Amino acid sequence: MKTTEQLEAKLKRRSKAAKLEIWGRLVSLTALMLIVAVVVAIIGFVASKGIATFTSNHVSLWDFLSGKSWNPGVNGANGKPEVGALPMIVGSFLITILSAIVATPFAIGTAVFMNEISPNKGAKILQPVTELLVGIPSVVYGFIGLSVVVPTTRAIFGGSGFGILSGTCVLFVMILPTVTSMSADALRAVPRYYREASLALGATQWQTIYKVVLRAATPGLMTAVVFGMARAFGEALAVQMVIGNAALMPNSLVSPSSTLTSVLTTGIGNTVMGSLQNNALWSLALVLLFMSLVFNLIIRLIGRKGRLQ
Amino acid sequence: MFVNNDVKNAMAMEERHVIKLSDPDHPVILSTEDLHVYYGKKEALFEGDLEFASNQISALIGPSGSGKSTYLRSLNRMNDRIATVTGKIMYRGVDINQPSIDVYEMRRRVGMVFQRPNPFAKSIYDNIAFALRLRGVTGKHKLDEIVETSLKQAALWDQVKDDLNKSALALSGGQAQRLCIARAIAIKPDILLLDEPASALDPVSTGQLEDTLLSLKEHYTIIIVTHNMQQAARISEYTAFFNQGRVLEYDTTSHIFTNPSVQVTSDYVSGNFG
Ligand SMILES: Nc1ncnc2c1ncn2[C@@H]1O[C@H](COP(=O)(O)OP(=O)(O)OP(=O)(O)O)[C@@H](O)[C@H]1O
Ligand SMILES: [Mg+2]
């Protein structure tokens with residue numbers, strides 16, 4: 001009887017290991033809570049500021065989203081402040097979609113080469129190059145864009161050379177490495193036995209890549225592209241340097257225009273906290289934040305669908 | 001009279017015993033001569049020299065790492081990008097181990113089923129139609145017909161005939177493996193290579209698979225790697241025993257299992273190995 005009690009007491013006593021366990025949990029839980037708090041605070045802050053345009057300055061949401069002229073300092077013909085964000089929204093989407101369209105074939109092609117055609121060279125040359133490109137600061141891309149892409153565009157299409165086209169070129173190079181390395185990951189995740197099954201059925205390597213590997217990797221490839229789009233959508237500095245920063249509806253790919261981010265970075269230092277000008281910029285930031293949430297959501301949805309398959 | 005029986009046996013035992021086939025009803029369809037396989041610098045197969053009789057089942061047995069898969073995968077050049085294979089692989093009189101051979105065309109005639117069932121993440125129908133479509137068979141009627149006969153030959157038709165458009169990934173292990181067989185025979189190969197096709201299956205599915213193979217013998221030449229010696233004994237006419245990268249013995253299955261010529265084979269099939 002006694003021994004049973006002793007055993008029970010011993011088993012119930014908190015050992016050093018058990019205490020350490022509790023500590024570990026406490027520390028990681030605190031870290032987690034802190035991060036959640038920061039994220040919530042950021043969203044809350046941007047939202048409260050961004051909404052002020054509509055609540056304190058009485059701009060209607062519809063005018064904001066569909067208005068074509070952006071000039072928060074002055075009142076328009078109808079006596080209301082001109083805070084039409086449509087040119088920037090269009091600019092952002094246009095530049096994002098175009099750069100994704102251009103980058104995707106290159107990225108997938110490179111990933112296929114790295115992974116399927118020449119894994120040796122891929123691992124030795126392309127992988128390090130890709131990683132290097134990811135690490136280059138965006139101001140460098142912007143500077144190269146400014147000194148190479150813009151003059152080239154100007155020479156070919158005339159005009160100032162600033163505009164959506166130049167922005168697309170710069171963003172294409174910027175998102176290419178990200179999309180490439182994520183695409184390569186997606187291809188790598190396709191089990192080897194899929195390829196073997198296809199080859200054993202007499203499929204050529206191209207048929208195997210095209211009909212089996214790329215199909216199986218589609219969710220991963222889509223995630224890669226959306227990730228690239230999210231990056232392009234949020235990129236500010238490099239775009240600002242080459243897009244021309246005119247808050248106008250882009251009427252051609254080579255006319256100066258702007259994106260949500262470029263207007264934010266150029267404008268935020270020149271406005272007074274609490275003024276309409278300032279609030280309107282926060283509203284743009286809110287749109288940006290909302291869009292990045294949407295991109296995240298899309299990535300998650302694709303991921304879930306991929307798993308279900 | 002007083003000579004120890006074991007010693008006497010051992011003296012009678014050969015080092016290596018590989019027969020040449022001479023069955024006029026089942027002529028040799030595939031043979032290898034002096035086949036060596038190297039993974040990098042490491043030699044994994046030393047002189048494979050086997051002959052395979054048409055419309056018969058030949059089993060490759062031997063301990064793990066003895067080179068069975070290496071040998072089998074060389075037969076339809078699946079080792080091309082992984083290993084260096086030297087020697088001749090004669091298929092109906094043509095050496096298919098030459099660089100000038102179109103491996104894709106060759107693999108249509110020498111099909112393969114793997115250890116792990118590996119259906120594509122497509123429907124059952126599309127799995128079987130895959131290789132046909134690659135070869136330009138697109139007529140719905142024709143495809144339907146081949147899908148049906150292939151599934152019937154693989155003894156899977158009755159279980160899946162109402163679910164042809166469902167994902168092949170929902171099949172059980174045994175069904176998936178039979179789907180892989182159906183997929184392989186849809187392009188009507190001459191020879192079917194199987195690498196431990198039943199190792200991931202339960203005994204019931206294994207039994208069904210064996211029945212399927214026995215019925216396929218009528219149309220195809222089958223070469224199967226197996227760890228299951230009862231399985232080799234049950235279904236094969238000829239058995240090759242591999243050990244440490246060499247074919248130590250090749251003869252009729254009954255010879256290998258009842259009266260092997262090589263001591264190591266005898267140890268292996270009687271379970272005294274190692
Ligand atoms: N891709 C590879 N690269 C390098 N060495 C390999 C490779 N595949 C097999 N080998 C080596 O070749 C030898 C034979 O392997 P193999 O897979 O042919 O054996 P096996 O008889 O099929 O064994 P098991 O019964 O376990 O499947 C082993 O020593 C193995 O380590
Ligand atoms: Mg093996």
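Note that the coordinates shown come from a computational prediction; the quantities given were computed from them, not determined experimentally.

**As for unusual backbone geometry**
Residues and elements named next belong to chain B.
At step 1: Positive phi, normally seen in glycine, also occurs at K188, with a value near 50 degrees.
At step 2: By the element assignment, K188 lies in the loop between α7 (173-185) and β9 (191-195).
At step 3: Positioned with a positive phi, E196 is a non-glycine residue whose angle comes to about 45 degrees.
At step 4: In this fold, E196 is placed in the loop between β9 and α8 (203-216).
At step 5: We classify E196 as buried; its relative accessible area is 12%.

**Some remarks on the interface of chain A and chain B**
At step 1: Of the residues lining the interface, 20 residues belong to chain A; the matching set on chain B comes to 23 residues.
At step 2: Summed over both sides, the interface between chain A and chain B buries roughly 1,800 Å², with carbon and sulfur atoms accounting for 61% of that surface.
At step 3: Of all residues in chain A, the largest losses of buried area upon contact with chain B belong to Y193(A), A200(A) and L201(A), amounting jointly to 34% of the total for that side.
At step 4: Our count for the contact surface shared by chain A and chain B stands at one salt bridge.
At step 5: The partner of R73(B) in a salt bridge is E196(A), with the nearest N and O atoms 2.9 Å apart.
At step 6: Between the two partners, chain A and chain B, sit seven residue pairs in polar contact (both at pLDDT 80 or more).

**A word on the site of ligand 1**
All names here are of chain B.
At step 1: Surrounding ligand 1, one finds 14 residues, the nearest of these being S64, K68, S69, T70 and H227.
At step 2: Between ligand 1 and S64 there is a distance of 2.4 Å, counted from an oxygen atom to a side-chain nitrogen or oxygen.
At step 3: Separating an oxygen atom of ligand 1 from a side-chain N or O atom of H227 is a distance of 2.5 Å.
At step 4: Across the complex, the protein chains shield 63% of the 630 Å² of accessible surface that ligand 1 would expose by itself.
At step 5: Taken together, the elements giving at least two residues each to the shell around ligand 1 come down to β3 (42-48) and α2 (68-75).

**With respect to the packing of helix α4 (residues 86-117) of chain A against helix α5 (residues 119-135) of chain A**
Residues and elements named next belong to chain A.
At step 1: Close contact between α4 and α5 brings their axes to 6 Å; oriented N to C, the two are set at 135 degrees. As summarised for this structure, α4 and α5 are arranged oblique, according to the angle between their axes. Of the residues in α5, those touching α4 at T110, F113, M114, N115, E116 and I117 are P119, G122, L126 and Q127.
At step 2: Its residues assigned to classes, the contact of α4 with α5 shows five nonpolar, four polar and one charged.

**As for α8(B)**
An α-helical turn contains 3.6 residues, so a residue and the one three or four places further along point in the same direction.
Residue and element names in this part refer to chain B.
At step 1: Between its terminal C-alpha atoms α8 stretches 20 Å, which fits the 20 Å expected from 14 residues at 1.5 Å a residue.
At step 2: Listed as buried for α8 are S205, T206, L209, E210, T212, L213 and L216. Seen end-on, α8 carries its buried residues on one side only, within an arc spanning 160 degrees. Facing away from the buried side of α8, by more than 90 degrees, are the exposed residues P203, V204 and D211.
At step 3: On its buried face, α8 is in contact with β5 (57-61), α5 (140-153), α7, β9, β10 (221-225) and α9 (229-235).

**Description of the nonpolar core**
At step 1: Residues L151(B), I181(B), L213(B) and I222(B) are the most contacted members of the largest nonpolar core, which totals 69 residues.
At step 2: Among the elements that take part in this core, helix α4 (residues 124-134) of chain B stands out by supplying eight residues, more than any other.

**With respect to the pairing of strand β12 (residues 246-252) of chain B**
Residues and elements named next belong to chain B.
At step 1: Most of β12 sits out of view: five of its seven residues are buried.
At step 2: Of the strand pairs in this sheet, strand β1 (residues 17-18) and β12 are connected by two bridges, and their pairing is parallel. Bridging across to β12, H17 finds its partner in E249.
At step 3: One ladder, built from six bridges, connects strand β11 (residues 238-243) with β12; its direction is antiparallel. Paired with A240 across the strands is Y250, a residue of β12.
At step 4: The antiparallel hairpin formed by β11 and β12 contains two residues in its connecting segment, where Q244 sits at a positive phi of about 50 degrees.

Conventions adopted
- Residues numbered from 1 in each chain as written.
- Chains lettered and ligands numbered in written order.
- Predicted model: local features only at pLDDT ≥ 70, side-chain atom pairs only at ≥ 80, totals over all residues.
- Heavy atoms only, no water.
- Helix = DSSP H or I, 4+ residues; strand = E, 2+ residues; numbered from the N terminus.
- Buried < 20%, exposed > 50% of the residue type's maximum accessible area, 1.4 Å probe, protein only.
- Contact = heavy atoms within 4.5 Å.
- Buried area = accessible area lost by both parts, 1.4 Å probe.
- Salt bridge = Lys/Arg side-chain N within 4 Å of Asp/Glu carboxyl O.
- Polar contact = N/O pair within 3.5 Å; in protein donor to acceptor, adjacent residues only side chain to side chain.
- Near = heavy atom within 4 Å.
- Areas by Shrake-Rupley, 256 points an atom, 1.4 Å probe, with all protein chains shown as cover.
- Axes fitted to C-alpha atoms, helices over the stretch in contact; angles between N-to-C directions.
- Parallel < 35°, antiparallel > 145°, perpendicular 65-115°, else oblique.
- Nonpolar A, V, L, I, M, F, W, Y, C, P; charged D, E, K, R; others polar.
- Expected span 1.5 Å × (residues − 1).
- Arc of directions from axis to C-beta.
- Core = buried A, V, L, I, M, F, W, Y, C linked by side-chain atoms within 4.5 Å.
- Pairing = 2+ DSSP bridges.

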